[in-house]
Amino acid sequence: MEGKRSGLGDKALLGLLRLSSRPYAAILRLRALGYRLGLIPSHRLPRPVISVGNLVLGGTGKTPTVAWLAAHLMSQGKRVCVLSRGYGGSAEGEIRIVCDGEKLLLTPGEAGDEPCQLAGMLPGLMVVIGSNRYRAGLHALEKLDPDVFILDDGYQHLKLERDLNLLLLDATTPFDNGLTLPGGFLREAPAAAGRADLVICTRSPEAKERTAPVAGKPTCWTKHRLSGMIPLGGGPAAGFEAAQGPRVMAFSGIANPGAFFDGLEAVGVRPVTTLSFPDHVSYGEPELAAILRLKTASRSTVLLTTQKDAVKLLPHAGKLSGCFAVVLEVEFEDSRPLEAALARLR
């Protein structure tokens, strides 16, 4: 699908996959229609729900956007709870409190990496996981009493009604090749973007090169910014100048590792070698051994990884000397359309 293989057999297989995309997309359209007409039941929580999601598989910056939203609401005195599926954790499917706003109650192995990452980024943030986000929200109301919910990766989770539906699109390739799985990387057809109340374009180009990907929808333009480094074992944040002299190895287990490595280059950090693991990798002994082998082979003294990876590497901090988590932030060119939408929530 990415065009990296283009033999006759590859083209034939891709053709079959693309044909299969049509019935898959039709089923998803019927599902969304069923929810819209009330034929499939959905449920509403008694507190505002803000959904953050996307259409394309992979990373579009949902986690830093959720962190921005939570920080904005918490600065106004709101008690914020993130509802997450808990993908990749051993407790996936269960309704569990990851963080009660004061302490972390589950490990990344139990809750998944992103819920624990969010809890670690923002002191006071509450995080609850559950495949049924409505029931997870009810549990949070009973135990934590939040003022507002953020539904992480919730664009397709139509069982829970939302008061503000935010759609994230990568401005460089908003709809990829326009096809759903299995012939493309879309979770739903591009027409599903019509459900959004506001579109957030990430990795935005210069203003003169922009075209709003969803006509008629309020749009915010953002960029991802690497803002510093935090030692894996804890300690004060450091600037990137600390990684511009030594030999640096960068590694990650995220959906788009190339974006991370390119981001390092953009802030003047040029790794001598890089290592990519599958998204949501658990970092067991084989992965740790691979990191240490490459560190030795490349004679690197500084290791750089993402915050998402760092939460799973904490048990190995003693073995990974010189390892830093790179802080990723979302930077809005103009956040006023989003702030206005948030202000209207009741």
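This structure is a prediction, so every number in the text was calculated from the model and none was measured.

## Observations regarding the packing of aromatic side chains
Enumeration according to the criterion identifies 4 aromatic pairs in this entry. Geometrically, the ring pair formed by tryptophan 68 and phenylalanine 332 is tilted, given 4.6 Å between the ring centres and 45° between the ring planes. Of this pair, tryptophan 68 sits in helix 2 (residues 62-75) while phenylalanine 332 sits in strand 12 (residues 323-332), and the two are 264 residues apart along the sequence. With a relative accessible area of 14%, phenylalanine 332 lands in the buried category. Ring centres of phenylalanine 251 and tyrosine 283 lie 6.3 Å apart, and the angle between their planes is 75°; this geometry places the pair in the edge-to-face category. Of this pair, phenylalanine 251 sits in strand 9 (residues 248-252) while tyrosine 283 is found in the loop between strand 10 (273-276) and helix 7 (285-298), placing the two residues 32 residues apart along the sequence. Like tyrosine 283, phenylalanine 251 is buried. Joined through ring pairs, the aromatic side chains of Phe251, Phe277 and Tyr283 make up one cluster.

## Observations regarding the pairing of strand 9
The buried count for strand 9 comes to 5 of 5 residues, which makes it a mostly enclosed element. Where strand 9 lies against strand 11 (residues 302-306), 3 bridges are found, and the strand directions are parallel. Among the inter-strand pairings, alanine 250 is bridged to a residue of strand 11, identified as leucine 304. Pairing of strand 9 with strand 10 involves 4 bridges; the strand directions are parallel. Within the sheet, the bridge partner assigned to serine 252 lies in strand 10 and is serine 276. In this region the chain leaves strand 9, passes through helix 6 (residues 257-266) and returns to the parallel neighbour strand 10; the handedness of that crossover is right-handed.

## Describing the sheet that holds strand 8 (residues 219-231)
One open sheet holds the 12 strands; their spatial order is 3-4-2-5-1-6-7-8-12-11-9-10, and the pairing between them is mixed. With one partner strand each, in any of the chains shown, strand 3 (96-100) and strand 10 form the two edges of the open sheet. Each strand of the sheet is rotated relative to its neighbour by a mean of 25°, with strand direction disregarded. Bridge count for strand 11 against strand 12 is 4 bridges, and the pairing is parallel.

## Description of the nonpolar core
Membership of the largest hydrophobic core comes to 35 residues, with the highest contact counts inside it found for Ile50, Ile150, Leu166 and Leu338. The dominant element in this core, judged by the number of residues it contributes, is helix 2, at 5 residues. The residues contacting isoleucine 150, other than those within four sequence positions of it, are Ile50, Val52, Val66, Leu69, Ala70, Leu73, Val80, Cys81, Val82 and Leu83. Listed in part, the 16 residues of the second largest apolar core include Phe251, Val281, Leu303 and Leu313.

## Observations regarding helix 5 (residues 133-143)
Where helix 5 is concerned, the buried positions are Arg133, Tyr134, Ala136, Gly137, Ala140 and Leu141. Along the long axis of helix 5, the arc covered by the buried residues comes to 160°, so they all point the same way. Turned more than 90 degrees away from the buried face of helix 5, the exposed residues are Arg135, Glu142 and Lys143. Along its buried surface, helix 5 packs onto strand 2 (80-84), strand 4 (126-129) and strand 5 (148-152).

## What to know about the environment of glycine 258
Here glycine 258 shows up in helix 6. Its relative accessible area of 29% is what places glycine 258 among the partly exposed residues. Residues glycine 258 and serine 276, 18 residues apart in the sequence, show an inter-C-alpha distance of 8.9 Å.

## Some points on the layout of surface pockets
The computed volume of the second largest pocket comes to approximately 520 Å³. What lines the second largest pocket is a set of 26 residues, and nearest its centre among them are Gln307, Ala310, Val311, Lys312 and Leu314. Those elements that place two or more of their residues in the lining of the second largest pocket are helix 3 (108-111), helix 4 (113-121), strand 8 and helix 8 (307-313). Looking at which element gives the most residues to the lining of the second largest pocket, the answer is helix 4, with 6 residues. Its residues assigned to classes, the lining of the second largest pocket comprises 15 nonpolar, 9 polar and 2 charged.

## Let's talk about unusual backbone geometry
Across the junction of leucine 181 and proline 182, the peptide omega takes the value 0°, indicating a cis bond. In this model, aspartate 153 sits at a positive phi of 55°, which is unusual for a non-glycine residue. Mapped onto the elements, aspartate 153 comes out in the loop between strand 5 and strand 6 (164-170). Exposure remark for aspartate 153: the relative accessible area of 28% places this residue in the partly exposed category. Located in the positive-phi region is tyrosine 283, a residue other than glycine, with phi close to 60°.

What counts as what
Residues numbered from 1 in each chain as written. Predicted model: local features only at pLDDT ≥ 70, side-chain atom pairs only at ≥ 80, totals over all residues. Heavy atoms only, no water. Phe/Tyr/Trp six-rings, centres within 6.5 Å; stacked < 30°, edge-to-face > 60°. Helix = DSSP H or I, 4+ residues; strand = E, 2+ residues; numbered from the N terminus. Buried < 20%, exposed > 50% of the residue type's maximum accessible area, 1.4 Å probe, protein only. Pairing = 2+ DSSP bridges. Right-handed = clockwise from strand over helix to strand, strands pointing away. Axes fitted to C-alpha atoms, helices over the stretch in contact; angles between N-to-C directions. Core = buried A, V, L, I, M, F, W, Y, C linked by side-chain atoms within 4.5 Å. Contact = heavy atoms within 4.5 Å. Arc of directions from axis to C-beta. 1 Å grid on protein atoms, 1.4 Å probe; cavity = no way out; pocket = protein on both sides within 12 Å on 5 of 7 lines; lining within 4 Å. Points joined across faces, edges and corners; volume = space filled by probe spheres on them. Nonpolar A, V, L, I, M, F, W, Y, C, P; charged D, E, K, R; others polar.

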